Amino acid sequence: MVEVLGWDQIDLDGYDVTARPFIKKAIEKPSALGSHVLEKVAEEVVYRACLGGVYYRTAAGICQVICQREYEAEEESAIPEYNFRCGLIGACRRMYQDHVTMRNTGVAHWIAFVRLMIRINEKVTVKGRQINAFTFLVFDCLCTLCQKPCVENLEETDLLCSILHDVGQNLYENSPKKMEEVISHCRDMIIENDTDPDVRHMLMEIVELKASNWKLPETVSQFYYER
């Protein structure tokens, strides 16, 4: 179901003044814009989402609306191009490739990007099916979160844990091998001598969650909750 967004939620005033009319037009009728402009719109929306806070939710909704309208317009085309979707994939890939710099600038920016990727992977679909390019980027983020230096930060490990509780089963069903890679990294960090005890505790919970088919038994869940 496509999210309904009000202009107050979209907050066009929060974007660069030169980008506002193009973002508005992309939301209303993406087919009226050229491929280069749609790519720039995707970059602006992704960049805004990564500034921190909860705007990633709105950004994902914007991407969903534009992609859906683009798909509806292009569906009957002999050679569909899906320029916004391609631009969005490219913008997200470039942002991830620069994640070290982004994280060094502020962990909040990196966390916002990860949350954006989770949300986009959930919302931007084709006929109800998730798009591999976004799913693979999500796994890239998860693998990064469960390795140093991210795993040394409780906030980032807590994010990893919450993501896998929320959508771990769905991600596993889409790509079991990718999920095994994530779990393998978690196991490696559990046995590291210098892993923080609280981090080790959360990583053990993740490993047990996967081993329990993504639903911890009540007694095990209570154990981790009480710790």
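Position numbers for residues start from 1 in each chain and track the written sequence from start to end. Only residues with pLDDT of 70 or above have their local features reported here, since the model is predicted, and side-chain atom pairs are shown and tallied only from 80 upward, although totals for entire chains, interfaces and linings are computed over all residues. The side-chain numbers reported here are obtained from all heavy atoms of the structure, hydrogens and water having been left aside.

Draft legend 1. Region of interest: the nonpolar core. Leu-88 and Leu-142 are the most contacted members of the largest nonpolar core, which has 74 residues in total. Ignoring any residue separated from it by four or fewer positions in sequence, one finds Leu-88 in contact with Ala-42, Val-46, Cys-63, Cys-67, Ile-120 and Phe-134. Here, nonpolar core refers to any group of buried Ala, Val, Leu, Ile, Met, Phe, Trp, Tyr and Cys residues whose side-chain atoms link them within 4.5 Å. When a residue's accessible area, from a 1.4 Å probe over protein chains only, is under 20% of the maximum for its type it is buried; when over 50% it is exposed; and in between it is partly exposed. Throughout, a residue-residue contact means that at least one pair of heavy atoms, one from each residue, lies within 4.5 Å.

Draft legend 2. Up close: empty space enclosed by the protein. Lining residues are those with an atom within 4 Å of a point, where the points come from a 1 Å grid over the protein atoms alone and group into cavities, where a 1.4 Å probe fits but cannot get out, or pockets, open sets with protein on both sides within 12 Å along at least five of seven lines. Grid points are joined across faces, edges and corners, and a volume is the space filled by probe spheres set on the points. Applying the stated criterion across every chain yields a total of 1 cavity of 30 Å³ or more. Residue lining of the largest cavity: Cys-67, Gln-68, Tyr-71, Arg-85, Val-124, Thr-125, Val-126 and Ile-131, and that is the complete set. Counting only elements with at least two residues in the lining of the largest cavity, the list comes to helix H4 (55-74) and strand S1 (125-126). Considering every element that reaches the lining of the largest cavity, the biggest residue donor is H4, with 3 residues. Lys, Arg, Asp and Glu make up the charged group, whereas Ala, Val, Leu, Ile, Met, Phe, Trp, Tyr, Cys and Pro make up the nonpolar group; the residues left over, Gly among them, are polar. Per-class residue counts for the lining of the largest cavity are 5 nonpolar, 2 polar and 1 charged. Note on conventions: DSSP H or I runs of at least 4 residues are helices, E runs of at least 2 residues are strands, and numbering of each starts at the N terminus.

Draft legend 3. The packing of helix H3 (residues 35-49) against helix H5 (residues 83-97), seen in detail. Axis definition: a line fit to C-alpha positions, over the contact stretch in the case of helices; interaxial angles, taken between N-to-C directions, run 0 to 180 degrees. The geometry of H3 relative to H5 is characterised by a closest axis approach of 8 Å and an angle of 45 degrees between their N-to-C directions. Comparing their axes, H5 and H3 come out oblique. Both H3 and H5 take part in a crossing whose hand is right-handed. Contacts between H3 and H5 involve Ser-35, Leu-38, Glu-39, Val-41, Ala-42, Glu-43, Val-46 and Tyr-47 from the first element and Asn-83, Phe-84, Gly-87, Leu-88, Ala-91, Cys-92, Arg-94 and Met-95 from the second. Looking at side-chain class alone, the contact of H3 with H5 contains 10 nonpolar, 3 polar and 3 charged residues. Roughly parallel means an angle under 35 degrees; roughly antiparallel means over 145; roughly perpendicular covers 65 to 115; every other angle is labelled oblique. Each crossing gets its handedness from the near helix: less than a right angle anticlockwise from the far helix is left-handed, clockwise is right-handed.

Draft legend 4. Representation of the pattern of salt bridges in the model. In the sections that follow, a salt bridge refers to a side-chain nitrogen of Lys or Arg positioned within 4 Å of a carboxyl oxygen of Asp or Glu. By the definition in use, this model includes 8 salt bridges. Close ionic contact of Asp-13 with Arg-20 constitutes a salt bridge, the shortest N to O distance being 3.9 Å. For Arg-20, a relative accessible area of 26% corresponds to the partly exposed category. Among the salt bridges present, the one from Lys-40 reaches Glu-43, with a minimum N-O distance of 3.6 Å. One end of the pair, Lys-40, and the other, Glu-43, are both in helix H3, 3 residues apart, so they sit about a helical turn from each other. A relative accessible area of 43% places Lys-40 in the partly exposed class.

Draft legend 5. Representation of unusual backbone geometry. At the junction of Lys-148 and Pro-149, the peptide bond is cis and its omega measures out at 5 degrees in the coordinates. At Asn-213, a residue that is not glycine, the phi angle is positive and equals roughly 60 degrees. Mapped onto the secondary structure, Asn-213 falls in the loop between helix H11 (197-211) and helix H12 (218-226). Residue class for Asn-213 comes out exposed when judged on its relative accessible area of 60%. Notably, Trp-214 is not glycine yet its phi reads approximately 70 degrees, a positive angle. Within the element layout of this structure, Trp-214 appears in the loop between H11 and H12.

Draft legend 6. Representation of the side chain of Glu-70. Note on placement: Glu-70 falls in helix H4. Under the convention used here, Asp and Glu are negative, Lys and Arg are positive, and both His and the chain ends fall outside the count. Buried charge Glu-70 goes without a salt bridge, the closest partner of opposite sign being Arg-85 at 5.3 Å. The term polar contact refers here to a pair of N or O atoms within 3.5 Å; inside protein, the definition further demands a hydrogen-donor-capable atom paired with an acceptor-capable atom, and it admits residues adjacent in sequence only when both atoms are side-chain atoms. One polar contact links the side chain of Glu-70 to the main-chain amide nitrogen of Asn-83, over a distance of 2.9 Å. A polar atom in the side chain of Glu-70 sits 2.6 Å from the backbone nitrogen of Phe-84. With near-sequence residues (within four places) excluded, Glu-70 lies in contact with Pro-30, Leu-38, Tyr-82, Asn-83, Phe-84 and Arg-85.

None of the figures reported here should be taken as evidence of function without further support.
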